[in-house]
Amino acid sequence: MSFFTVDSISLQFGGLKAVDSVSFSVAKGEIFTIIGPNGAGKTSIFNLISRLYNPTSGKLFFEGSDITEVPPHQIAKLGIARTFQNIELFENATMLANLLVGRHCHATTQLWQDMLFLPSVRRAEKEHRHKVEEVIEFLDLQAYREKLIAGLPYGVRKVIEVARALCSEPKLILLDEPSSGLNVEETDDMSFWIRDIRTELGITVLMVEHDMSLVNRVSDRVLALNYGKVLATGTPAEVQAHPDVIAAYLGA
Amino acid sequence: MRFIFKTDYDQDIRILKHGGYWWSYGILLAALIALPFLVGSYLQSQVVFVFIYAIVGVALMILTGFTGQASLGHAAFLAIGAYTAAYLQKLGVPFIVYFPAAAILTGIVGAMVGFPALRLTGIYLVIATIAFAFIVEEILARWESVTHGNEGMRVRTLDIVGMPLPRDGEAFYFLCLLTLVGSIVLALNLLRSPTGRAFVAIRDSETAGKSMGIDLAAYKVKSFAISAAITGLAGVLFAHKMTFISPEMFTLLLSIEFIMVIIIGGAFGVHGAVFGAIFIVMVDPFLTALKDDVPVLAASVASSFGMASDAAAKLRDTMSSIGSAAGLKGAIYGLIIMMFILFEPYGLYGRWLKVKLFFQLFPLYKKATFKRQKTYVKSERNR
């Protein structure tokens, strides 16, 4: 059984098949990219994986166990974290608070303990903070600890979202268009970080991306999608040379 | 400006972050402890009402300010706390039992109200909580064997293990102060722990919260339960302060007053609850004074400008009849809320922070610091 498998999954909104029996599997330690024109169903697949949508049919397997029926808030605990295409940070909180929310799936203290802030809570808080600091160091975010998200530029928010996902110590991270809205330099930084996430932290990366230069630089394998259907899977070069993919992007 | 050199994670966890906090809050606490021995009984009584409103404010702050779930049903929670106290006291249950019992019962009811909140958002949740408040009001009026219906219930003097705490005494004042400080500490503890962060996450983005592992249903119910339980405590104190409770004391207008507490105070921090409570308790005597004085003043100004004395008397009568018209208070409250939302969205506490920053940065303060920016980029909310 491979690390993460999507088995002929479909998602139907009324008469529209947003995702049409898509299957793929991701090996441990791989950087796997999903590409495709707008509306191809890329983000829908992510929402299926993070269980925000219920699939019409098909199954999801993570580390050999079926996660198709797992409620969305338990996905993070299993070790799957994600970012969002248009940034879903908690805007009226500091970066530190945002990253600490990323630790939520590791929270062990009960409500009454939190209310009294018992020594056990303090101990747990320090541990969470220590992990958060590691991520801050990894992504060079030291300057923004006490800053409110609402006052930070887009490029920084994008990195903070990756940081928040990393704080949950995932085994698989889903990056939804990590380079959208970033300039060339920031995209370069992002490509280094994506590779570091894999090589240094050993986290498997599954991402959706439009920027082909970024895709070529970091991906091990690419899956091309159009109208909810898989067009091709393979190395970046193979997929880009595939006639169906060229037809999807340029027209037949 | 104060720059703090941080060498320890505890510095960020602590509630009193640096020496300035110890000084300012220490002086405030000392002043509050000394207050009953310095001022007259009227002012002391008003301050007790400020405490009670502030306790409800803290409760509502947890629910509305932190979790983002609006409620116009908090008068009902207050009523449940008050009636639990009155009924249990009548049965001879001691205060040290019925005080927590009221909180627990109200908390359970709050959790039950929280369940519809899982599916309702925004204005629909507000309507649901109003409906809940009406149901409670109706039950209080009809369940005569327990609540004595519209006749109301007399509440005897508070009694802690044989020691009476009359409603105007210093001891009762300190009990209210202690409850307020306790609920504030509780709220601050929540804020610096995973539970409070989950609340704030739900307020800002439910979708992201869900994918970070926050069980929305559980935390919304928890927020409702905690908020209701604290309001229940306030209800017990309220019952003892009023010495008489009846269903018409816990109407929609009271719920609106509670919402005003946090809107006017500033719905983003615990300070706001206290600021708002001070405002609400002080605005009522102010309006009453205005009602009595303005018509007389207007008439005398008019007559000094040459208006005939019978016309001036007519003006005075017209103005005082407008002043005593039913529903005027509600209208003025509505106006105050609108003005605050439009011109001071961060409330009195926000204004306080702005003034403080002005002096900290003087002369470098720039107006744009607090300018509200519209964010247009919002992801599709996966509802």
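Residues numbered from 1 in each chain as written. Chains lettered and ligands numbered in written order. Predicted model: local features only at pLDDT ≥ 70, side-chain atom pairs only at ≥ 80, totals over all residues.

Draft legend 1. Highlighting the overall build of chain B. Secondary structure assignment for chain B yields 16 helices and 4 strands. By its C-alpha atoms, chain B is 75 × 65 × 50 Å across when sized along the principal axes. Residue pairs in contact within chain B that sit at least 24 positions apart in sequence constitute 75% of those at least 6 positions apart. (Helix = DSSP H or I, 4+ residues; strand = E, 2+ residues; numbered from the N terminus. Contact = placed C-beta atoms within 7 Å.)

Draft legend 2. Expanded view of the overall build of chain A. Helices and strands together make up the secondary structure of chain A, namely 10 helices and 10 strands. Computed over C-alpha atoms, the radius of gyration of chain A comes to 19 Å, within 12% of the 18 Å expected from 2.2 N^0.38 for 252 residues, which places it in the range of a compact globule. Overall, chain A is about 65 × 40 × 30 Å in size when its C-alpha atoms are taken along their principal axes. Burial analysis of chain A (252 residues in total) assigns 44% to the buried set. By sequence separation, contacts in chain A at least 24 residues apart represent 66% of the contacts at least 6 residues apart. (Rg over C-alpha atoms; globule rule 2.2 N^0.38 Å. Buried ≥ 20, exposed ≤ 12 C-beta atoms within 10 Å, placed from the backbone.)

Draft legend 3. Structural view of the pairing of strand β2 (residues 16-26) of chain A. Residues and elements named next belong to chain A. As paired strands, strand β1 (residues 4-13) and β2 are joined by 7 bridges and run antiparallel to one another. From the neighbouring strand, L11 faces β2, where its bridge partner is V19. Counting the residues in the hairpin turn of β1 and β2 gives 2 residues, including G14, whose phi is positive at 60°. (Pairing = 2+ DSSP bridges.)

Draft legend 4. Just the interface of chain B and chain A, in detail. Each side of the interface is counted separately: chain B has 28 residues, and chain A has 37 residues. At the level of secondary structure, the elements contributing two or more residues to the side of chain B that touches chain A comprise α8 (170-191), α9 (194-204) and α10 (206-211) of chain B. Considering every element that reaches the side of chain B that touches chain A, the biggest residue donor is α9 of chain B, with 7 residues. Among the residues making up the side of chain B that touches chain A, the classes are represented as 12 nonpolar, 9 polar and 7 charged. (Nonpolar A, V, L, I, M, F, W, Y, C, P; charged D, E, K, R; others polar.)

Draft legend 5. Representation of the sheet that holds strand β6 (residues 80-82) of chain A within the structure. Residues and elements named next belong to chain A. Read across the sheet, 6 strands follow the order β6-β7-β8-β3-β9-β10 without closing on themselves; strand pairing throughout is mixed. The outermost strands of the open sheet, each flanked by one partner alone, are β6 and β10 (229-234). Each strand axis lies, on average, 15° off the axis of its neighbour in the sheet, ignoring direction. Strand direction decides the pairing type here: strand β3 (residues 31-35) and strand β8 (residues 204-208), joined by 4 bridges, are parallel. Paired with I34 across the strands is V208, a residue of β8. Helix α7 (residues 184-199) contacts β3, β7 (172-176) and β8 of the sheet and is inclined by roughly 150° relative to β8. (Axes fitted to C-alpha atoms, helices over the stretch in contact; angles between N-to-C directions.)

Draft legend 6. Region of the structure containing the domain arrangement of chain B. Residues and elements named next belong to chain B. What the domain assignment lists for chain B is domain 1 (33-279) and domain 2 (285-367). Between the C-alpha centres of domain 1 and domain 2 the distance comes to 29 Å. Tallying the contact residues gives 15 residues for domain 1 and 11 residues for domain 2. Elements that contribute at least two residues to the side of domain 1 that touches domain 2 include exactly α12 (252-265) and α13 (270-304). No other element matches the 6 residues that α12 contributes to the side of domain 1 that touches domain 2. Within the side of domain 1 that touches domain 2, the residues separate by chemical class into 9 nonpolar, 6 polar and no charged. (Domains from an automatic or database assignment.)

Draft legend 7. Molecular detail of helix α4 (residues 74-90) of chain B. Residues and elements named next belong to chain B. In this model, α4 (17 residues) spans 24 Å end to end at C-alpha, consistent with the 24 Å of a helix rising 1.5 Å per residue. The element α4 is largely enclosed, with a buried count of 14 among its 17 residues. Of the residues flanking the end of α4, it is G92, one or two places downstream, whose phi is positive at about 90°. (Expected span 1.5 Å × (residues − 1).)

Draft legend 8. Structural context of the sheet that holds β2 of chain A. Residue and element names in this part refer to chain A. The antiparallel open sheet is built from 4 strands, whose spatial order is β2-β1-β4-β5. Here the strands that pair on one side only, and so sit at the sheet edges, are β2 and β5 (65-66). Contacts between helix α1 (residues 42-49) and the sheet are confined to β1, β2 and β4 (57-62), with β2 contributing the most and set at about 65° to the helix.

Draft legend 9. Spotlight on the packing of α12 of chain B against helix α15 (residues 328-343) of chain B. All names here are of chain B. Two elements in contact, α12 and α15, have axes whose closest approach is 10 Å; the angle formed by their N-to-C orientations is 25°. Relative to α15, the element α12 is oriented roughly parallel. Judged by the twist between their axes, the crossing of α12 over α15 is left-handed. Residues L253, I256, M260, I263 and I264 of α12 form the contact with α15, whose participating residues are G330, Y333, I336, I337, F340 and I341. (Parallel < 35°, antiparallel > 145°, perpendicular 65-115°, else oblique. Left-handed = near helix turned anticlockwise from the far one by under 90°.)

Draft legend 10. Up close: unusual backbone geometry. Geometrically, the link from F362 of chain B to P363 of chain B is a cis peptide bond, its omega value of 5° lying close to zero. Topologically, P363 of chain B is positioned in the segment after α16 (347-361). Positive phi, normally seen in glycine, also occurs at S8 of chain A, with a value near 35°. With respect to the helices, strands and loops of the structure, S8 of chain A is situated in strand β1. Owing to 12 C-beta atoms within 10 Å, S8 of chain A belongs among the exposed residues under this scheme. Phi angles above zero are rare outside glycine, and D140 of chain A is one such case at about 60°. The residue D140 of chain A is located in the loop between α5 (119-138) and α6 (154-167) in this model. Here D140 of chain A falls in the exposed class, since 12 other C-beta atoms lie within 10 Å of it.

Draft legend 11. Layout of the nonpolar core. All names here are of chain B. Counting residues in hydrophobic clusters, the biggest one holds 167 residues, and the most contacted among them are I52, I55, V58 and V261. A total of 16 residues in this core trace back to one element, the largest contributor, which is helix α3 (residues 41-66). The contacts of I55, once residues within four sequence positions are left out, are T179, L180, S183, I230, L233 and A234. (Core = buried A, V, L, I, M, F, W, Y, C linked by C-beta atoms within 7 Å.)

Draft legend 12. Geometry of the domain arrangement of chain A. Residue and element names in this part refer to chain A. Once the domains are mapped, chain A shows domain 1 (1-79 + 170-252) and domain 2 (94-167). Using C-alpha coordinates to define each centre, domain 1 is positioned 26 Å away from domain 2. With 10 residues of domain 1 at the contact, the number on the domain 2 side is 7 residues. Those elements that provide at least two residues to the side of domain 1 that touches domain 2 are α2 (72-78), β7 and α7. A class-by-class count of the residues in the side of domain 1 that touches domain 2 yields 7 nonpolar, 1 polar and 2 charged.

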